[in-house]
Amino acid sequence: MSKKNFTNIVILTGAGISAESGIKTFRDQNGLWENHDILDVATPQGFERDPELVHRFYNLRRAQLLSDEVKPNQAHFALARLEKEFNGQVVIVTQNVDNLHEKAGSKNVLHMHGELLKMRCSKSKQSFSISKDITSARACPCCLEEGNLRPHIVWFGERPFHMNEIQQALSTCDLFLSIGTSGQVYPAAMFVDLAKESLAHTVEFNTNSTDVSDKFDEHRLGKAGVEVEKFVDELLS
């Protein structure tokens, strides 16, 4: 690292960090999500056409997340330790909809694409924690009407959550870490540019180089569970 006295860290995490915990990354190379067309399970229009299909899809994703086979890995624990021991601010911005950062002990987490363990009322926009399967027949806790609960997930065509908070954090950070994300999906793809406008030192963690690798000051190639833990050790020492 070229700079030591960091005070404000923003960390972007993507599917790569959760894949090491056994969570499937959803989208295959053929554009399908678990053999479903994206337009059927990840758009408001798909939910309007067939809400039961969408509920079944996310019920299966939720069941996998809550199973014994999925646990935080060393990268998650390293970031939680960084937040606890770092003498400054640490914000995790995640594209992932799982709860592995929280299970590892992280507190300051912004889920820009939503959360699998929450549902949302289509009318009031209020969200609710959920751990069991949902169907269209489930009455909403706030409006008491059936059919109004939808997954608390940002679908294609919808605005990500927490964008004002994320932009504020990026505007003041002096260290930006990108872990396990391809850098191809907007608006997350522009986060490294916003961080560099703040003169932040930028580090990319990935198993391979990406289309945006040349924008970063530093690169750590390898498994997140290894490289992130090593980096956190360096930072805290």
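*Asks:* It is not clear to me how the state of the cysteines should be interpreted in this structure. Could you clarify?
*Replies:* Under the criterion given, the structure shown has 0 disulfides. No disulfide involves C143; its nearest neighbouring cysteine sulfur is the one of C140, lying 3.8 Å away. On the accessibility criterion, C143 (24% relative accessible area) is partly exposed.

*Asks:* Which parts of the structure should I look at to understand the sheet that holds strand β6 (residues 114-121)?
*Replies:* The strands making up a sheet associate through hydrogen bonds between their backbones, and the pairing can be parallel or antiparallel. An order of β7-β6-β8 is seen for the 3 strands of this open sheet, with the pairing classed as antiparallel. Lying at the two open borders of the sheet, with one neighbouring strand each, are β7 (127-129) and β8 (149-153). Shown here is a sheet whose adjacent strand axes are inclined to one another by a mean of 45°, direction ignored. Pairing between β6 and β7: 3 bridges, direction antiparallel. Bridge pairing in β7 links M119 to F128. Contacts between helix α4 (residues 51-66) and the sheet are confined to β6 and β8, with β6 contributing the most and set at about 140° to the helix.

*Asks:* Can you walk me through the sheet that holds strand β5 (residues 109-111) in this structure?
*Replies:* Within the open sheet, the 6 strands sit side by side as β5-β4-β1-β9-β10-β11. Their pairing is parallel. For this open sheet the edge positions go to β5 and β11 (218-221), each flanked by a neighbour on one side alone. Across the sheet, the mean angle from the axis of one strand to that of its neighbour is 15°, orientation sign disregarded. Bridge analysis of strand β1 (residues 8-13) against strand β9 (residues 175-179) gives 5 bridges, and the strand direction is parallel. Considered in β9, the bridge of I9 is made with L175. Packed on one face of the sheet, helix α5 (residues 74-85) meets β1, β4 (89-94) and β9 and runs near 160° to β1.

Calculation notes
- Residues numbered from 1 in each chain as written.
- Predicted model: local features only at pLDDT ≥ 70, side-chain atom pairs only at ≥ 80, totals over all residues.
- Heavy atoms only, no water.
- Disulfide = S-S within 2.5 Å.
- Buried < 20%, exposed > 50% of the residue type's maximum accessible area, 1.4 Å probe, protein only.
- Pairing = 2+ DSSP bridges.
- Helix = DSSP H or I, 4+ residues; strand = E, 2+ residues; numbered from the N terminus.
- Axes fitted to C-alpha atoms, helices over the stretch in contact; angles between N-to-C directions.
- Contact = heavy atoms within 4.5 Å.

So far we have only geometry, and geometry alone does not tell us how the molecule works.
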